[in-house]
Amino acid sequence: MDLGKAEHQKPGRPGPGKGEGGAAVGALVGGEAALAVDGDADSGRALLARALGRDNMQRAWRRVRSNGGSAGVDGRTVAQTHAYLCEHWPRIREELLAGCYRPSPVRRVAIPKAGGGERELGIPTVTDRLIQQALLQVLQPLIDPTFSQHSYGFRPGRRAHDAILQAQAYIEAGYRTVVDVDLEKFFDRVNHDVLMDRLAKRIADRTVLRLIRRYLEAGMMANGVVIERHEGTPQGGPLSPLLANILLDEVDRELERRGHRFVRYADDCNVYVRSQRAGERVLAALRRLYGRLRLKLNEAKSAVASVYERSFLGYAFGRGPEGAVRRKVSSKSLDRLKGRLRQLTRRTRGRSLETVVEEVRAYLLGWKGYFRLTQQRRVLRDLDEWLRHRLRVYQLVQWKRGRTVYREVVALGANARVAATIAAHTRSWWRNGAMLLNAVLTVRTFDRLGLPHLS
């Protein structure tokens, strides 16, 4: 979709003083970036004009299209929004520059959380996702460099693996007590006034500030009813992670000023200290610091404990030989993995083994990519064996009758005696899957089917 061409169909492009690229980073004042906006200071539209420029909008559309996602409250898919914007984009752009654009409510979606309960997502319309993405592409390069080096979540060039490795480095340096902080329903409790105050200290374009405020206050539609929102920044919009980092950077800076060793990924923050007493002091200070932002700690999940008793971003730490610190997959993450694999390999699915292996493969490749830092080779080997055992049992159940088992096992290359022994125990599924069937459905068999090795 060529949004650049669409924007030329009607007048309303800013003049030379308000063109694309009319924003510059001002001096760093008090640890925050003030963005000086060129052009008419009263209108303050240079940053927004830059976001709505042709090249930026084209990049934003490609990103939204590649991300896909479901429709918002207007019911338009990405493809349908393409056709809609080809006709209506000039009007929407003029409304944005004039400051009179009103975002649509977000569509409420509740997804189950791994630890129980539900996580509430707000799905904007594709049009609003596009506008937010365009804003993000302009704001992030200006604001992100001002964030603390201890922040790793949703930042270009940074990822969860970097946070895990930094945490391990602190533990190896002797900081083996962790202040594990969990914020209570963070994305649902963000105070709009506090957030906008922090954002206004970083950008001066009032039209952008007004538009972001409207996105924050856009209602949420559930069961056909729009519910007004006076707090929170619903997860699901491209801008939400950046806004969260802007709000939480204030606490990061204070922890830095006090010389603490810490790692933050989005709303998960771990501070590493040398003693329980020091940890209790830090936890009390964090209650006050987050309180200034009108955020509350989840007291049931926040704690001061040994680093070996807590998990962080799905990982945990253990003691290795000669006091070495070793990375491992947390017990909860392992339980979730096995639970998902049980679902995919349950005996009553009625799909071919090849189809099931393909589904397992897609899930395992993502899991393996994230947990590739683990140093638990033995645990991963045991998981490989357990999974192959389940797949052998799955195949036995698919064959079902002894006569079919005999025929298929012989076809796989087993001799008559082995095939007869396996066929005679068709009702002892689990036991049978761990006996002679190992020599028929071998590791190499599953390799040919494309099953990845975790170890």
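Parameters and conventions
Residues numbered from 1 in each chain as written. Predicted model: local features only at pLDDT ≥ 70, side-chain atom pairs only at ≥ 80, totals over all residues. Heavy atoms only, no water. Helix = DSSP H or I, 4+ residues; strand = E, 2+ residues; numbered from the N terminus. Buried < 20%, exposed > 50% of the residue type's maximum accessible area, 1.4 Å probe, protein only. Contact = heavy atoms within 4.5 Å. Areas by Shrake-Rupley, 256 points an atom, 1.4 Å probe, with all protein chains shown as cover. pLDDT = per-residue confidence, 0-100. Pairing = 2+ DSSP bridges. Axes fitted to C-alpha atoms, helices over the stretch in contact; angles between N-to-C directions. Expected span 1.5 Å × (residues − 1). Core = buried A, V, L, I, M, F, W, Y, C linked by side-chain atoms within 4.5 Å. Phe/Tyr/Trp six-rings, centres within 6.5 Å; stacked < 30°, edge-to-face > 60°. Parallel < 35°, antiparallel > 145°, perpendicular 65-115°, else oblique. Nonpolar A, V, L, I, M, F, W, Y, C, P; charged D, E, K, R; others polar. Patch = residues over 30% accessible without salt bridge, like charges linked within 9 Å, V, L, I, M, F, W, Y side chains within 5 Å. Salt bridge = Lys/Arg side-chain N within 4 Å of Asp/Glu carboxyl O. Lys, Arg positive; Asp, Glu negative; His and termini not counted. Charge placed at Lys NZ, Arg CZ, Asp CG, Glu CD. 1 Å grid on protein atoms, 1.4 Å probe; cavity = no way out; pocket = protein on both sides within 12 Å on 5 of 7 lines; lining within 4 Å. Points joined across faces, edges and corners; volume = space filled by probe spheres on them.

Across its full length, the protein carries 18 helices and 13 strands. Every one of the 455 residues in the protein was classed for burial, and the buried ones make up 50%. Counting contacts in the protein only where the partners sit at least 6 residues apart, residues at least 24 apart contribute 74% of the total. Roughly 21,700 Å² of accessible area belongs to the protein as shown, and the carbon and sulfur atoms make up 47% of that amount.

Here we come to the confidence of the model for the protein. Low-pLDDT stretches of the model should not have their predicted coordinates read in fine detail. Per-residue confidence for the protein averages 85 on the pLDDT scale, and 87% of its residues sit at or above 70. For the stretch residues 4–43, pLDDT sits under 50, and the model shows 81 contacts to residues farther than four places along the chain or on other chains.

Next up on the list: the environment of Lys328. By the secondary structure assignment, Lys328 is in strand β13 (residues 325–329). A relative accessible area of 30% means that Lys328 is categorised as partly exposed. Residues Lys328 and Thr374 lie 46 residues apart in sequence; the distance between their C-alpha atoms is 4.6 Å.

It is worth spelling out the sheet that holds strand β10 (residues 303–306) at this point. Read from one edge of the open sheet, 4 strands run β8-β9-β5-β10, paired in antiparallel fashion. Only two strands of the sheet have a single neighbouring strand rather than two, namely β8 (261–265) and β10. Direction aside, the axes of adjacent strands within the sheet are offset by 20° on average. Summarising the sheet, strand β5 (residues 177–182) and β10 pair through 4 bridges and their orientation is antiparallel. Looking at β10, one finds that Thr177 is bridged to Ser306. Sitting on the sheet, helix α10 (residues 240–257) is in contact with β8 and β9 (268–273), with an inclination near 175° to β8.

Relative to strand β6 (residues 220–222), strand β3 (residues 106–112) runs parallel, the two sharing 2 bridges. The residue bridging Arg107 from the neighbouring strand is Met221, located in β6. In terms of strand pairing, β3 meets strand β4 (residues 118–123) through 6 bridges, oriented antiparallel. Looking at β4, one finds that Arg107 is bridged to Ile123.

All right, on to helix α13 (residues 353–370) then. An ideal rise of 1.5 Å per residue puts 26 Å on 18 residues; α13 measures up with 26 Å between its terminal C-alpha atoms. Turning to α13, its buried residues number three or more, namely Leu353, Val356, Val357, Val360, Leu364 and Trp367. Those residues of α13 that are buried are in contact with β13, α12 (331–344), α14 (377–399) and α18 (443–449).

Ile131, Val181, Phe186, Leu199, Val271, Leu286 and Tyr290 are the most contacted members of the largest nonpolar core, which totals 68 residues. Of the residues forming this core, the biggest block, 10 residues, is contributed by helix α5 (residues 126–143). In this structure Ile131 touches Trp89, Ile92, Leu96, Tyr101, Leu211 and Tyr215, once residues within four positions along its chain are discounted. Judged by nonpolar contacts, the second largest core, of 54 residues, contains Ala163, Val307, Leu391 and Leu441.

Considering the arrangement of structural elements, one finds Ser330 in the loop between β13 and α12. The class for Ser330 is buried, based on a relative accessible area of 5%. Those residues within four positions of Ser330 in sequence are excluded, and the remaining contacts are Ser311, Gly314, Tyr315 and Ala316.

Looking now at the packing of aromatic side chains. Considering all chains together, one arrives at 7 aromatic pairs under this definition. Seen from their ring centres, Tyr315 and Tyr370 are 5.8 Å apart, and the 50° between their planes marks the pair as tilted. Remark: Tyr370 occurs in helix α13 and Tyr315 occurs in strand β12 (residues 315–319); sequence separation between them is 55 residues. Take Tyr315: its relative accessible area is 0%, and that puts it in the buried class. Between Trp367 and Phe371, the ring centres sit 4.7 Å apart and the planes meet at 35°, which makes this aromatic pair tilted. The buried category is assigned to Trp367, whose relative accessible area is 9%. Ring pairing ties together the aromatic residues Tyr315, Trp367, Tyr370 and Phe371, which thus form one cluster.

With that settled, the discussion passes to unusual backbone geometry. Across residues other than glycine, the phi torsion is negative in most instances, and most of the peptide bonds are trans. Not every positive phi belongs to a glycine, and Phe154 is a case in point at roughly 55°. Mapped onto the elements of the fold, Phe154 is located in the loop between α5 and α6 (160–172). Residue classification places Phe154 among the partly exposed positions, given a relative accessible area of 42%.

Okay, the packing of helix α8 (residues 192–200) against α10 next. Packing of α8 against α10 leaves a shortest axis separation of 9 Å and a crossing angle of 85°. It follows that α8 is roughly perpendicular to α10 by the angle criterion. Between α8 and α10, the contacting residues are Val194, Leu195, Arg198 and Leu199 on the first element and Leu243, Ile246, Leu247 and Glu250 on the second. Residues belonging to the contact of α8 with α10 are distributed by class as follows: 6 nonpolar, no polar and 2 charged.

A word on a positive patch on the surface. On the surface, Lys113, Arg119, Lys185, Lys301, Lys332 and Arg336 cluster together into a patch of positive charge. Assignment of secondary structure puts Lys113 in the loop between β3 and β4.

Going through the model one piece at a time under the given rule, you end up with 5 cavities of 30 Å³ or more. Residue lining of the largest cavity: 17 residues in total, with Gln132, Tyr215, Thr233, Pro234 and Ser240 positioned closest to the centre. When residues of the lining of the largest cavity are traced back to their parent elements, those giving at least two are α5, α9 (206–217) and α10. The greatest single-element share of the lining of the largest cavity, amounting to 3 residues, is contributed by α9. Grouping the constituent residues of the lining of the largest cavity by class yields 10 nonpolar, 6 polar and 1 charged. Taken as a whole, the second largest cavity encloses approximately 50 Å³ of empty space. Lining the second largest cavity are Val178, Asn270, Tyr272, Val307, Arg310, Ser311, Phe312 and Phe317. Split by residue class, the lining of the second largest cavity holds 5 nonpolar, 2 polar and 1 charged.

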